[in-house]
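Per-entry structural report
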Amino acid sequence: VTITTRLLVSHLSGIRHYEKDIAKVKEEKEKANRALKLTKSHQDKEQKEKEGKGTEKTDCVKQKKEHDSETKSRHSKLGRNDKEFLQEEYYLKEKFESVIESLKIFKNDPLFFKPGDQFLYSTYGFTLLSAVVERASGQKFTDYMLKMFRDLDMLSTVLDDNEAMIYNRARCYIYNKKGRLVNAPYVDNSYKWAGGGFLSSVGDLLKFGNALLYSYQAGQFKNRNSKLLPGYLKPGTVAMMWTPVPKTEVSWDRDGKYAMAWAVVEKKQQYGCCRQQRHYASHTGGAVGASSVLLILPEELDPRALGTGPVAPPRGVIVTIICNMQSVSLNSTALKIAREFEKEKQAQ
């Protein structure tokens, strides 16, 4: 078979995640699909009942319902995430000197499907991707990334190396089987630098988000201001990274599809005066004792207004949350925060 870097970055490679048993993976996917169908069926039924009665709920009742729904969703996600963290390979303590060396963990395992046929989120797919970077650049993946972080002015983003003295490194926590808060166990992340081995700060992730949003929008401002510096990436490159890929799915946002290392929700409205989807890109992170999210909500630019005032990219809202607690669902919270800031800006 042929596995391309595009397949790796969109999780279509067929390379396994932490679960080695393909039967269990299929079973979990079927359960998730059934749950999604039941939820959609229930929502459609409620909508029909509401239309039939011709009544409106009070704001108080609506808020309670939304809160109950969100709580239920949060608990179900927590349960699923906790189950994933039972996988032994999350807790590896072996130190690998290079990403090429860490490929031995999975390189002899069979593919779960023909590359390109199905979607399966795979941390090891990103380990292989980092090995591609290592070979193509001619330098260690970690050195290559740290240079890139310096270019982006992300000076607080470093390897999660247990031996290094890292200023302000947070302590991480998990709940034990009795539901008590305890310190997260020791792990060595050298086997998956690209898939969850870096430490960062809220400030650095905001810089990263701004650099991407600037790159995405820079081309739209080119005609107005010739002095505008180029983005770190070409506008077309970011647009390609944020274009949904067929056959993909996103566990943390059912409105989205997976693109290239990002989950993307496209702008969409099916019916007049009904629910509108806003275009945004996001990604969550989960590790032993930690959870995170970075969400980018680009401003919808009016081409006629670009030349009327002193505006320049980036234009939009970027939200990031880092939590030193395992299995915390953060994407919906980040989206609500982004929308509140967007509303505030539109009201001004």
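All of the points below concern the structure found in this document. Quantities reported herein were computed from a predicted structural model and do not represent experimental measurements. (Residues numbered from 1 in each chain as written. Predicted model: local features only at pLDDT ≥ 70, side-chain atom pairs only at ≥ 80, totals over all residues. Heavy atoms only, no water.)

**Notes on the side chain of Thr142**
- One can find Thr142 in helix α6 (residues 141–151).
- Taking relative accessible area as the criterion, Thr142 reaches 9% and is therefore assigned buried. (Helix = DSSP H or I, 4+ residues; strand = E, 2+ residues; numbered from the N terminus. Buried < 20%, exposed > 50% of the residue type's maximum accessible area, 1.4 Å probe, protein only.)

**Some remarks on the pairing of strand β8 (residues 290–298)**
- Taking burial as the measure, the nine residues of β8 include seven buried ones, the bulk of the element.
- By the bridge criterion, seven bridges tie strand β7 (residues 280–287) to β8 in an arrangement that is antiparallel. Its bridge partner being in β8, Gly286 is matched across the sheet by Ser291.
- As judged from the eight bridges shared by β8 and strand β9 (residues 316–323), these two strands associate in the antiparallel manner. Of the residues in β9, the one forming a bridge with Leu297 is Val317. (Pairing = 2+ DSSP bridges.)

**Focus: the state of the cysteines**
- Scanning the entire structure with this criterion turns up zero disulfides.
- Cys274 takes part in no disulfide bond, and the closest cysteine sulfur to it belongs to Cys273, at a distance of 6.9 Å.
- In this structure Cys323 is a free cysteine whose sulfur lies 9.2 Å from that of Cys172, the closest cysteine sulfur available. (Disulfide = S-S within 2.5 Å.)

**Description of the pattern of salt bridges**
- Per the counting criterion, the structure on display carries 15 salt bridges.
- Close ionic contact of Glu340 with Lys343 constitutes a salt bridge, the shortest N to O distance being 3.2 Å. Remark: Lys343 and Glu340 occur in helix α9 (residues 331–347); sequence separation between them is three residues, near one turn of the helix.
- In the salt-bridge network here, residues are joined through shared partners; they are Arg16, Lys20, Glu89 and Asp109. (Salt bridge = Lys/Arg side-chain N within 4 Å of Asp/Glu carboxyl O.)

**Considerations on the sheet that holds β9**
- Taken in spatial order, the five strands line up as β5-β6-β7-β8-β9 in an open sheet, and their pairing is antiparallel. Bordering the open sheet on either side are β5 (257–258) and β9, each of which pairs with just one other strand.
- Here β5 pairs with strand β6 (residues 263–265) via two bridges, running antiparallel. Across the sheet, residue Lys257 finds its bridge partner in β6, namely Val264.
- Helix α7 (residues 202–217) rests against β8 and β9 of the sheet, and its axis sits at about 150° to β9.
- On the sheet, α9 packs against β7, β8 and β9 and is oriented at approximately 145° with respect to β9. (Contact = heavy atoms within 4.5 Å. Axes fitted to C-alpha atoms, helices over the stretch in contact; angles between N-to-C directions.)

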